[in-house]
Amino acid sequence: MSLISMPTDEQIKRVPKALLHDHLDGGLRPQTIIELSQKIGYKKLPTQDPEKLAIWFEEACNSHSLVRYLETFAHTVAVMQTKEAIIQVARECAIDLARDGVVYAEVRGAPELFIEQGLTFDQVIEATTEGYKQGVAEAAKEGKKIRVESLLCGLRQNDKSQQTAESVVKYRNKGVVGFDIAGPEDGFPPTKQLDTFEYLRKENAHFTIHAGEAYGLPSIWEAIQICGAERIGHGVRIIDDIDFSGSTPKLGPLASYIRDRRIPLELCPTSNLQTGAAKTYAQHPIGQLAKLRFRVTLNTDNRLMSNTSMTNEMTQCVKSFDWKFADLQRVTINSLKSSFIPFEERLEIIEKIVKPAYAAISAE
Ligand SMILES: O=c1[nH]cnc2c1ncn2[C@H]1C[C@H](O)[C@@H](CO)O1
Ligand SMILES: [Zn+2]
């Protein structure tokens, strides 16, 4: 067996994975939501049964509407308003990712969502970092090595992006590696917050922008050419700029630019099926985009809402597109190359962890 062979389900579980697009408030364990809600007397959960709650989130999110999908976050955000709750959620996030084989993760969250009961931005950010630190240490005890870094999100519909961006600069290399802007796409173009992106560029800070998920090419164009995004969160609609009618696919100007400049696409297939950006895994553009050698990265987006994991995302790609070990290794290396940590540290994970493990597991 070799890198060009097909991995088994069990091997997919074990290969090292890298994750660039995962929301902290979209990945809580159902049991934790229930426990935290009971502690604070939050009464609005649809059920107190963890299995039923998991199903409720998934079904509510299978609405083919990004707006409805985002409404479910009211419950997770409600139970994350204290330092202790944030630490617990972040700790469990790091542990769950490590158990899934993730060796490097950038997990994002919007500090402005967790200040309803008086926490400051600094307290939210420090609690998140503390939680990851504890989770990384616990995972190490299980023999699982993972590195977790934070991205801080501004929200398109609100006006706290500048404050969030300033926190990214303040906590640079202290647990935070970049900025993102999330929230509903339609009606809230990122150019509304252009000053913030200009500030981040002036500060040499890294940022990605959610674009081309619910809304098409113009939003991807704006994110890259007006705002200056280094990576695109989702970007799945770039497929609309590729003409598949002839014998070979023909890339339009924006698709060519993105591929030529090696701009990373943070693709999240399961999330897209739920919000309606793709109908089935087999029809998801990730297959074509990977074949055309865009810088494709594979991600979970919201593990709770999508009932997913990196193992599941990889398994779906293997089943739908006949991906081999080499394809899984490529998206993993793409993620590391596109990460916001220093260059030598990316290389070290690729050379010392990812490549040796893929070589060993694919040779079994
Ligand atoms: O896929 C998404 N698109 C846009 N916004 C999203 C997506 N997933 C989560 N969010 C929002 C809801 C969260 O509260 C926020 C920060 O994690 O980001
Ligand atoms: Zn997202």
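Rules and cut-offs
- Residues numbered from 1 in each chain as written.
- Chains lettered and ligands numbered in written order.
- Predicted model: local features only at pLDDT ≥ 70, side-chain atom pairs only at ≥ 80, totals over all residues.
- Heavy atoms only, no water.
- UniProt positions renumbered as here; feature names shortened; annotations may be inferred.
- Donors = N, O, S within 2.8 Å, 3.2 Å for Na, K, Ca; no water.
- Tetrahedral: all angles 85-135°; square planar, octahedral: opposite > 155°, others 65-115°.
- Helix = DSSP H or I, 4+ residues; strand = E, 2+ residues; numbered from the N terminus.
- Buried < 20%, exposed > 50% of the residue type's maximum accessible area, 1.4 Å probe, protein only.
- Pairing = 2+ DSSP bridges.
- Axes fitted to C-alpha atoms, helices over the stretch in contact; angles between N-to-C directions.
- Contact = heavy atoms within 4.5 Å.
- Polar contact = N/O pair within 3.5 Å; in protein donor to acceptor, adjacent residues only side chain to side chain.

- Per an unreviewed UniProt entry, the protein chain is named Adenosine deaminase, and its organism is Candidatus Nanopelagicus abundans.
- The UniProt entry for the protein chain carries this comment under Function (unreviewed entry): "Catalyzes the hydrolytic deamination of adenosine and 2-deoxyadenosine."

1. Some words on the coordination of the zinc ion (ligand 2)
Here is step 1: Coordination of the zinc ion (ligand 2) by the protein is provided by H21 (NE2), H23 (NE2), H210 (NE2) and D301 (OD), with metal-donor distances spanning 2.1 to 2.2 Å.
Here is step 2: The coordination sphere of the zinc ion (ligand 2) comprises four donor atoms, whose angles at the metal cover 83 to 169°; the geometry is irregular.
Here is step 3: When the donor residues of the zinc ion (ligand 2) are listed from N- to C-terminus, their spacing reads H-x1-H-x186-H-x90-D. You can see H23 sitting in strand β1 (residues 17–23) and its partner D301 sitting in the loop between β10 (296–298) and α14 (310–321), a full 278 residues away along the chain.
Here is step 4: The exposure class of H23 is buried, given its relative accessible area of 9%.

2. A closer look at the sheet that holds strand β5 (residues 208–211)
Here is step 1: Spatially, the four strands line up as an open sheet ordered β5-β6-β9-β10, and their pairing is parallel. In this open sheet, the two strands that pair with only one neighbour each are β5 and β10. Adjacent strand axes in the sheet meet at a mean angle of 30°, parallel and antiparallel pairs treated alike.
Here is step 2: Here three bridges tie strand β9 (residues 265–267) to β10, and the two strands are oriented parallel to one another. Pairing of L267 across the sheet is with L298, part of β10.

3. Considering the UniProt feature "active site" (unreviewed entry) in the protein chain
Here is step 1: Look at the UniProt record and you will see "active site" (unreviewed entry) annotated at E213.
Here is step 2: Structurally, the position occupied by E213 is in the loop between β5 and α10 (217–226).
Here is step 3: E213 gets classed as buried once you look at its relative accessible area, which sits at 7%.

4. Quick look at the environment of K324
Here is step 1: When you line up the elements, K324 lands in the loop between α14 and α15 (325–338).
Here is step 2: You can call K324 partly exposed: its relative accessible area is 27%.
Here is step 3: Setting aside anything within four residues of it in sequence, one finds K324 in contact with L3, I4, S5, M6 and P7.
Here is step 4: Among the polar contacts listed, one links the side chain of K324 to the backbone oxygen of D322, at a separation of 3.1 Å.

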